[in-house]
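Coordinate inspection notes
One letter stands for each residue in the lines below.
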Amino acid sequence: TSAMPDRRTLLTALALLPFWPQAAGARAPEILATGGIALGGTDVVTYALAGGPVPGDPRFALMWRGATWHFAGARTMETFEMDPGRYCPAYGGHCAWALARAVLMPSQPEAFAAHAGRLYLFS
């Protein structure tokens, strides 16, 4: 069997996620930041501008919500700085599918979906 969720399971999980952490009393770190670097150094703005993840460059970094965010260049860093809430992935970048099952897991930059203007990452 495949470990990847099917479309129906994924959409159900996305629909339930806004309610799950509060109901389960889950307390996840706000931002997925291994070693203090948000999302493993992936430039989060590139999901919206380039259609997918692009590695960030430590020369273009800023602190936000207790994590260091890396960007591919000055343009995406400034774009994030102007409206970080718009580009920050749902659930701070933790795996949305796992959170629907009350499990905290890191995500992979390549496993993502955009729904209703929000970015969701998966493991």
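Because the structure is a prediction, the values reported are computed rather than measured. (Residues numbered from 1 in each chain as written. Predicted model: local features only at pLDDT ≥ 70, side-chain atom pairs only at ≥ 80, totals over all residues. Heavy atoms only, no water.)

**Here we look at the overall build of the chain**
A count of helical and extended segments in the chain gives six helices and eight strands. Starting at the N terminus and ending at the C terminus, the chain contains elements arranged as α-α-β-β-β-α-β-β-β-α-α-α-β-β. Relative to its full complement of 123 residues, the chain shows a buried share of 39%. Surface summary for the chain: the accessible area is close to 7,100 Å², and the carbon and sulfur share equals 57%. (Helix = DSSP H or I, 4+ residues; strand = E, 2+ residues; numbered from the N terminus. Buried < 20%, exposed > 50% of the residue type's maximum accessible area, 1.4 Å probe, protein only. Areas by Shrake-Rupley, 256 points an atom, 1.4 Å probe, with all protein chains shown as cover.)

**Observations concerning the packing of aromatic side chains**
The relation between two aromatic rings is expressed through the spacing of the ring centres and the mutual angle of the planes. Within this structure, the stated rule accounts for six aromatic pairs. On the basis of an interplanar angle of 70° and a centroid distance of 5.0 Å, the ring pair of Y47 and F112 is categorised as edge-to-face. Here the residue Y47 occupies a position in helix α3 (residues 46–49), and F112 occupies one in strand β7 (residues 108–115), the gap between them amounting to 65 residues. Y47 gets classed as buried once you look at its relative accessible area, which sits at 9%. Here the aromatic rings of F71 and F80 are separated by 5.1 Å at their centres, their planes lie at 45°, and the arrangement is tilted. Using a relative accessible area of 0% as the deciding quantity, one classes F71 as buried. (Phe/Tyr/Trp six-rings, centres within 6.5 Å; stacked < 30°, edge-to-face > 60°.)

**Some details on the pattern of salt bridges**
By the definition in use, this model includes two salt bridges. Ionic pairing is found between R65 and E30, a salt bridge with its closest N-O pair at 2.8 Å. Here E30 lies in the loop between α2 (20–24) and β1 (33–34) and R65 lies in the loop between β5 (57–64) and β6 (67–71), a separation of 35 residues in the sequence. (Salt bridge = Lys/Arg side-chain N within 4 Å of Asp/Glu carboxyl O.)

**What about the environment of A96?**
For A96, the position within the fold is in helix α6 (residues 96–99). Residues A96 and A113, spaced 17 residues apart in sequence, show a C-alpha to C-alpha distance of 9.9 Å.

**Concerning the pairing of β6**
Along β6, four of the five residues are buried, which leaves the element largely enclosed by surrounding structure. Hairpin geometry of β5 and β6 is characterised by an intervening segment of two residues between the two adjacent antiparallel strands and by a positive phi of about 50° at R65. (Pairing = 2+ DSSP bridges.)

**Some thoughts on the confidence of the model for the chain**
When the pLDDT values of the chain are averaged, the result is 86; 79% of them are 70 or greater. Low pLDDT, under 50, characterises residues 21–25; the predicted model gives this stretch one contact beyond four residues in sequence or across chains. (pLDDT = per-residue confidence, 0-100. Contact = heavy atoms within 4.5 Å.)

**Some words on the pairing of strand β8 (residues 118–122)**
Of all five residues in β8, four are buried, a share of seventy percent or more. Two strands pair when backbone bridges link them, and β7 and β8 are joined in this way by five bridges, in the antiparallel orientation. In the strand pairing of β8, H115 is matched with R118.

**Regarding the nonpolar core**
If you look at the biggest cluster of nonpolar residues, it comprises 18 residues, and the most contacted ones within it are I31, L39, V44, W64, W69, F71 and F80. Here this core takes three residues from β6, the largest share from any one element. Among all residues touching F71, those that are not within four sequence positions of it are D43, V45, G56, D57, F60, L62, T76, M77 and F80. Formed by eight residues, the second largest nonpolar core is a distinct cluster that contains C95, A96, A111 and F122. (Core = buried A, V, L, I, M, F, W, Y, C linked by side-chain atoms within 4.5 Å.)

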